[in-house]
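Breakdown of the fold
These are the residues of each chain, in order.
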Amino acid sequence: MLNFLIFWFFFSIFVLLVTIFMIFMEMYMLSENIEKALNDQLNREFFSSYYYLSMAAYFLSQNLKGFSHWMRIQAQEETIHALKIYDFIDDRDGEIDLNAMDTPPKAWDTPLDVFQDALKHEQKISNHIYELADLSLQEKDHATNTFLQWFIAEQVEEEATAKEMIDTLKLIGNDGSGLFLLDRDLVQRTLLASEADADPAGDM
Ligand SMILES: [Fe+2]
Ligand SMILES: [Fe+2]
């Protein structure tokens, strides 16, 4: 009888510990929905990088080296965004799922067209991030929601920057010397320290 009670006591403790561990893991791990949505966003950030790199190549073909440099930095920032999500999925014991990339557009009529497309693209990305933030609230995944706040703030910056470039290019219009001067300014863009800090491995 005593043996049975001892066995029962230890068995109950074991069941209790397993239950606590499972509840903890459920709280800690990503749900399937969030994991999929984060992976979708991870792939979108990589596609953004690809898209901007294609824009950089277009500017090279137009002999606008400053614009091309600016877009290349933009592409690097997008890769850092993708890697932030990559690391977050791993930190939460999720599975990283990389997909094939679509082919980005490669020809535009004018620099203004390029930045108008960049703005449309950033607006789409912002909407996806808002949907992801909504999902994290629905699922009460506060860690993911907090993680996404950085991206929400970043999108405000991204859209504002594209709008600013559009306004400047509209002001320049067909003035070749204005375009030349802007191209000379854009060559000075560097990867922001805040972006570089977002790269945990520090190898971007
Ligand atoms: Fe991004
Ligand atoms: Fe972006």
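Residues numbered from 1 in each chain as written. Chains lettered and ligands numbered in written order. Predicted model: local features only at pLDDT ≥ 70, side-chain atom pairs only at ≥ 80, totals over all residues.

Some remarks on the overall build of the protein chain
- The helix and strand tally for the protein chain stands at 7 helices and 0 strands.
- Helices (α) and strands (β) of the protein chain occur, in sequence order from the N terminus, as α-α-α-α-α-α-α.
- A compact globule built from 204 residues would reach a C-alpha radius of gyration of about 17 Å, whereas the protein chain, at 24 Å, exceeds it by more than 25%.
- In terms of overall dimensions, the protein chain has a C-alpha envelope of 95 × 30 × 30 Å along the principal axes.
- For the protein chain, buried positions account for 25% of its 204 residues.
- Of all intrachain contacts in the protein chain linking residues separated by at least 6 positions in sequence, the fraction that spans at least 24 positions is 78%. (Helix = DSSP H or I, 4+ residues; strand = E, 2+ residues; numbered from the N terminus. Rg over C-alpha atoms; globule rule 2.2 N^0.38 Å. Buried ≥ 20, exposed ≤ 12 C-beta atoms within 10 Å, placed from the backbone. Contact = placed C-beta atoms within 7 Å.)

Focus: the domain arrangement of the protein chain
- For the protein chain, the domain assignment lists domain 1 (1–30) and domain 2 (32–197).
- One C-alpha centre belongs to domain 1, the other to domain 2, and the line joining them spans 48 Å. (Domains from an automatic or database assignment.)

As for the nonpolar core
- One finds Met55, Phe59, Met71 and Phe115 to be the most contacted residues of the largest nonpolar core, which totals 16 residues.
- Going through the elements one at a time, α2 (32–61), α3 (65–91), α4 (111–138) and α5 (142–172) are the ones with two or more residues in this core.
- Counting residues per element, this core draws most heavily on α2, at 6 residues.
- Setting aside anything within four residues of it in sequence, one finds Met71 in contact with Tyr52, Met55, Ala56 and Phe59.
- Of all hydrophobic cores here, the second largest spans 12 residues; its members include Ala37, Leu42, Ile89 and Phe151. (Core = buried A, V, L, I, M, F, W, Y, C linked by C-beta atoms within 7 Å.)

Structural notes on the packing of α2 against α3
- Contact geometry of α2 with α3 gives a least axis separation of 8 Å together with a crossing angle of 165°. What the angle tells us is that α2 and α3 run roughly antiparallel. Where α2 crosses over α3, the two elements pack in a sense that is left-handed.
- Here the contact of α2 with α3 is built from residues that sort into 17 nonpolar, 8 polar and 4 charged. (Axes fitted to C-alpha atoms, helices over the stretch in contact; angles between N-to-C directions. Parallel < 35°, antiparallel > 145°, perpendicular 65-115°, else oblique. Left-handed = near helix turned anticlockwise from the far one by under 90°. Nonpolar A, V, L, I, M, F, W, Y, C, P; charged D, E, K, R; others polar.)

Brief notes about unusual backbone geometry
- If you check the backbone angles, Asp93 has positive phi at about 60° while not being a glycine.
- The residue Asp93 is located in the loop between α3 and α4 in this model.
- Even without being a glycine, Lys140 presents a positive backbone phi close to 55°.
- Looking at the element boundaries, Lys140 is found in the loop between α4 and α5.
- With 10 C-beta atoms counted inside 10 Å, the residue Lys140 sits in the exposed group.

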